[in-house]
Amino acid sequence: MTTTLLHCIVYSIDRLVQQFFDHFNKHYEAALASDFTKMDLVGQMDYLKHIYKDVIGHWEVPIYNDTYVMVFFGLLKKLTGRWVITNDTDKAQSLQNDLLCGQGDVESTMPTKLLMESAEYIDTHSPELKEWFLSCKEEVLALLADQNTAKTTCTVAESSHGAVRNRKKPQGAAISSSQDALEEAKKNVLLSIRMFLNKYGFRCINELKLEENTLHDDPGFVVDMIAGYVTSGAYSIASMEKREMEIRKQAEDLVQSNLPIHKRVIYNWVLFHARRGVKHRENLRFARTKIWGVVRNLFRAVGMNLYKLGVVKMEQDVFYLTVDELYAYVEGRSVTNDLASLVEIRKQEWSGYKKGLQPPQRFMTAGALGPYQLFPQLLDDLDMLKEAEAEASSDPNVLKGTPCCPGVVEGAVRVVTNVEQAKGLNGEILVTARTDPGWVPLYPLCSGLIIERGSLLSHSAVVARELGLPTVVGVSGGLLKRLKTGMKVHLDAGKVCNPYVVW
């Protein structure tokens, strides 16, 4: 990228991002208003072409902003080490992380904050409402599915919790008034969840995998998260934001006291651009998640039509076909019309892949690539990080990584490979290989976060800073093999070269 282009981006990035969102939101809202299930196959594939051309084809601004972020994030790191804290790399990196806390206006944190608001309403409204929500999940889900026809199957009076069942009931008109207030509160809770699903129901775990079920498909995850916040009391947005701002203020005061005015002006200018770029990056990535939700619904509608025609055995089978194969089938140039058999071959290959060795994070190949896919153990021999991991794991009681939100936490870990294993999370330190935006609602339920992959600009790092959650990413040395659920660890997310967990 030329210096001239970078100069243009620096002084016009806000305008470029706004133009991007104006254009994106126009097409996104039109897509949300479209019923893909009422289109035929030709109409569906034409709409996909429209998305590729008019939405995905206009994705230059996120790329510009990524470059902008990398430049100023790197400058901030260099100036922090040279000007502010010159004799301690650990503290310099920690200061940079602290300065990026409390950004605000990061859209990917909004879904979690909305769920926290619902939890606060439930917990503070009345014991009866809290009892109903925590003990009647099936009723809540039934009412969410159809509030007008679903019948109450679980009431507070019938609850197995004696403390509520034995409460002294009000007499006369007070009974009716109390019951009416409770029913109204239930409606408010259901309304808030429906509003959440209408706005963010396209989200799911592994959000960029189109075959995954969404929150619309299974709102039970939303109900579980709210119930977790209510049970643990982890719903205070104000206290969370206060902690973020305290961390940020302390870091800013340190810069203020360590730099003379002329250097402070330059440093604050770089800091301003780094903060702005990180915020834009996260919001632009959330736009990607949104359009992926649209594409997921579109392919599901294609699968529905293929199933009705008897071309595939299940609607979900469409996700085992390539886009080119779908275009070819619709346009009559398909190599084979037996798509069902093609799907079965892909399913078998996918099943074998899941049972096989996990490929290394980084590897380099040479020559024909096909054999590497047939013999994945070859990739393990080409692992470019094997030596580094062996060095990192030399001490059996220490694991190292990159801290991205400060804090020291001691407690038990919950080691999970999927979000289902995180059910019932209540203050443990969450340990996993990787996360995506769909994991964010779990963050308020844990006291710390340790992730095998990721960097300071990864989604996990950005959101953790926004939520004030002590977090270490990029942990090498066999994290998931060496830590087991229930182990006690000491997590120091304030050190850079030696953030550690000890059990």
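Just so you know, these numbers come straight off a predicted model, no measurement behind them. In every chain, residue numbers begin from 1 and rise along the written sequence. Local features in this predicted model are restricted to residues whose pLDDT is 70 or higher, and side-chain atom pairs enter the listing and the counts only when it is 80 or higher, whereas totals over whole chains, interfaces and linings include all residues. Remark: hydrogens and water are excluded; side-chain values derive from all non-hydrogen atoms of the structure.

## Describing the overall build of the protein chain
Argument step 1. Assigned secondary structure in the protein chain consists of 19 helices and six strands.
Argument step 2. Here the globule rule reads 2.2 Å times residues to the power 0.38, and the radius of gyration is calculated from C-alpha atoms. Here the C-alpha radius of gyration of the protein chain, 26 Å, is about what a compact globule of 503 residues would show, namely 23 Å.
Argument step 3. Projected onto its principal axes, the C-alpha positions of the protein chain cover 70 × 70 × 50 Å.
Argument step 4. Summary of the burial criterion: residues with accessible area below 20% of their type's maximum are buried, those above 50% are exposed, and those between are partly exposed, where the area comes from a 1.4 Å probe applied to protein chains only. Across the 503 residues in the protein chain, those meeting the buried criterion constitute 46%.
Argument step 5. To be clear on the numbers: accessible area is Shrake-Rupley with a 1.4 Å probe, and residue cover counts the displayed protein chains and nothing else. When the accessible surface of the protein chain is split by element, carbon and sulfur atoms take 54% of a total near 25,200 Å².
Argument step 6. Counting rule for charge: Lys and Arg are taken as positive, Asp and Glu as negative, and neither His nor the chain ends is counted. By convention, the charge on Lys lies at NZ, on Arg at CZ, on Asp at CG and on Glu at CD. Distance between charge centres in the protein chain, computed from 58 positive and 60 negative side chains, equals 3 Å. Labels follow the DSSP assignment, with helices taken as runs of H or I lasting at least four residues and strands as runs of E lasting at least two, numbered in each case from the N terminus.

## Remarks on the nonpolar core
Argument step 1. For the purposes of this section, nonpolar cores are sets of buried Ala, Val, Leu, Ile, Met, Phe, Trp, Tyr and Cys residues that join through side-chain atoms within 4.5 Å. Ranked by size, the top nonpolar core spans 117 residues in total, and within it Phe 133, Ile 226 and Leu 306 carry the most contacts.
Argument step 2. With 16 residues, helix H12 (residues 261–308) is the largest single contributor of residues to this core.
Argument step 3. Residues are treated as being in contact if the distance between any of their heavy atoms lies within 4.5 Å. Aside from chain neighbours lying at most four places away, what touches Ile 226 is Leu 115, Ser 118, Ala 119, Ile 122, Phe 133 and Ile 193.
Argument step 4. Ranked by size, the runner-up nonpolar core spans 14 residues in total, among them Leu 399, Val 409, Leu 479 and Leu 491.

## Side note on the packing of helix H7 (residues 137–145) against helix H10 (residues 220–232)
Argument step 1. Here an angle of 0 to 180 degrees is reported between the N-to-C directions of two axes, which are lines fitted to C-alpha atoms, with helices fitted over the stretch in contact. Interhelical geometry of H7 versus H10 gives an angle of 130 degrees and a closest axis separation of 10 Å. The pairing of H7 with H10 is recorded here as oblique in orientation. Crossing handedness for the pair H7 and H10: right-handed. Here Lys 137, Val 140, Leu 141 and Leu 144 of H7 lie close against H10, whose contacting residues are Gly 220, Val 223 and Asp 224.
Argument step 2. Gly is put with the polar residues, along with every residue not named as nonpolar or charged; the nonpolar set is Ala, Val, Leu, Ile, Met, Phe, Trp, Tyr, Cys and Pro, and the charged set is Asp, Glu, Lys and Arg. The residue inventory of the contact of H7 with H10, partitioned by class, reads four nonpolar, one polar and two charged. Should an angle fall under 35 degrees it is called roughly parallel, over 145 degrees roughly antiparallel, and 65 to 115 degrees roughly perpendicular, with every other angle called oblique. For a crossing to be left-handed, the near helix must be turned anticlockwise from the far one by less than a right angle; the clockwise case is right-handed.

## Some remarks on empty space enclosed by the protein
Argument step 1. A cavity, in this analysis, means grid points on a 1 Å lattice covering only the protein atoms where a 1.4 Å probe fits yet has no way out; a pocket is instead an open set bounded by protein on both sides within 12 Å along at least five of seven lines, and a residue lines either one if it has an atom within 4 Å of a point. Grid points are joined across faces, edges and corners, and a volume is the space filled by probe spheres set on the points. Scanning the model with the defined rule gives four cavities of 30 Å³ or more in all.
Argument step 2. Computed from the structure, the largest cavity encloses a volume of approximately 80 Å³.
Argument step 3. Leu 115, Phe 196, Arg 203, Cys 204, Leu 215, Phe 221, Val 222, Met 225, Pro 437, Gly 438 and Pro 441 are the residues that line the largest cavity.
Argument step 4. With three residues, the top contributor of residues to the lining of the largest cavity is H10.
Argument step 5. Here the residues of the lining of the largest cavity are counted per class, giving nine nonpolar, one polar and one charged.
Argument step 6. Counted as a void, the second largest cavity has a volume near 60 Å³.
Argument step 7. The wall of the second largest cavity is formed by Ser 108, Glu 282, Arg 285, Phe 286, Arg 288, Thr 289, Pro 437 and His 459.
Argument step 8. Looking at which element gives the most residues to the lining of the second largest cavity, the answer is H12, with five residues.

## What about a nonpolar patch on the surface?
Argument step 1. Two joining distances apply to patches: 9 Å for like charges and 5 Å for nonpolar side chains (Val, Leu, Ile, Met, Phe, Trp, Tyr), and every residue must have over 30% relative accessible area and no salt bridge. Any carboxyl oxygen of Asp or Glu within 4 Å of a side-chain nitrogen of Lys or Arg constitutes a salt bridge here. Judged by side-chain polarity, Leu 374, Phe 375 and Leu 378 come together as a nonpolar surface patch covering roughly 310 Å² of accessible area.
Argument step 2. Turning to its location among the elements, Phe 375 is positioned in the loop between helix H15 (370–374) and helix H16 (377–381).

## What to know about the pairing of strand S3 (residues 429–432)
Argument step 1. Taking every second residue as pointing to the same face, both faces of S3 are buried, with Ile 429 and Val 431 on one and Leu 430 and Thr 432 on the other.
Argument step 2. Relative to S3, strand S2 (residues 408–415) is paired through three bridges, and the arrangement is parallel. The residue bridging Val 413 from the neighbouring strand is Ile 429, located in S3.
Argument step 3. Direction of pairing for S3 relative to strand S4 (residues 448–451): parallel, over a ladder of four bridges. Counterpart to Leu 430 in the pairing with S4 is Leu 449. At least two bridges found by DSSP between two strands is the condition for calling them paired.

## Comments concerning unusual backbone geometry
Argument step 1. At Asn 206, a position not held by glycine, the phi torsion is positive, near 55 degrees.
Argument step 2. Residue position: Asn 206 is located in the loop between helix H9 (173–200) and H10.
Argument step 3. A residue is classified by how much of its surface remains accessible, and Asn 206, at 32% relative accessible area, is partly exposed.

## Re the pattern of salt bridges
Argument step 1. For the coordinates displayed, the defined rule picks out 22 salt bridges.
Argument step 2. The partner of Glu 325 in a salt bridge is Arg 346, with the nearest N and O atoms 2.8 Å apart. Pair noted here: Glu 325 is in helix H13 (residues 323–331) and Arg 346 is in helix H14 (residues 339–355), with a separation of 21 residues, a long-range link.
Argument step 3. Judged by relative accessible area, which is 24%, Arg 346 ranks as partly exposed.
Argument step 4. Three or more residues are tied together by salt bridges with common partners; here these are Lys 137, Asp 224, Glu 420 and Lys 423.

## What to know about the confidence of the model for the protein chain
Argument step 1. When pLDDT is averaged across the protein chain, the result is 87; 90% of the residues are at 70 or more.
Argument step 2. As a per-residue measure, pLDDT tells how confident the predictor is, with possible values from 0 to 100. The spread of mean pLDDT over the elements of the protein chain runs between helix H8 (residues 162–165), the lowest at 35, and helix H2 (residues 41–54), the highest at 98.
Argument step 3. Confidence drops under pLDDT 50 across residues 149–173; counting only partners more than four residues distant or on other chains, this segment forms 27 contacts.
Argument step 4. Segment residues 496–500: pLDDT under 50, and 24 contacts once partners within four positions in sequence are set aside and those in other chains are kept.

## Quick look at the sheet that holds strand S6 (residues 488–492)
Argument step 1. Strand order in the open sheet formed by six strands is S1-S5-S4-S3-S2-S6, and the pairing between neighbours is mixed. The open sheet has two edge strands with one neighbour each: strand S1 (402–405) and S6. Pairs of neighbouring strands in the sheet enclose a mean axial angle of 30 degrees, with direction left out of account.
Argument step 2. The sheet contact formed by S4 and strand S5 (residues 471–473) spans two bridges and is parallel. What sits directly across from Ile 450, in S5, is Val 472.

## Quick notes on the side chain of Thr 289
Argument step 1. One can find Thr 289 in helix H12.
Argument step 2. When residues no more than four places from it in sequence are discounted, the contact partners of Thr 289 are Phe 202, Glu 207 and Pro 437.

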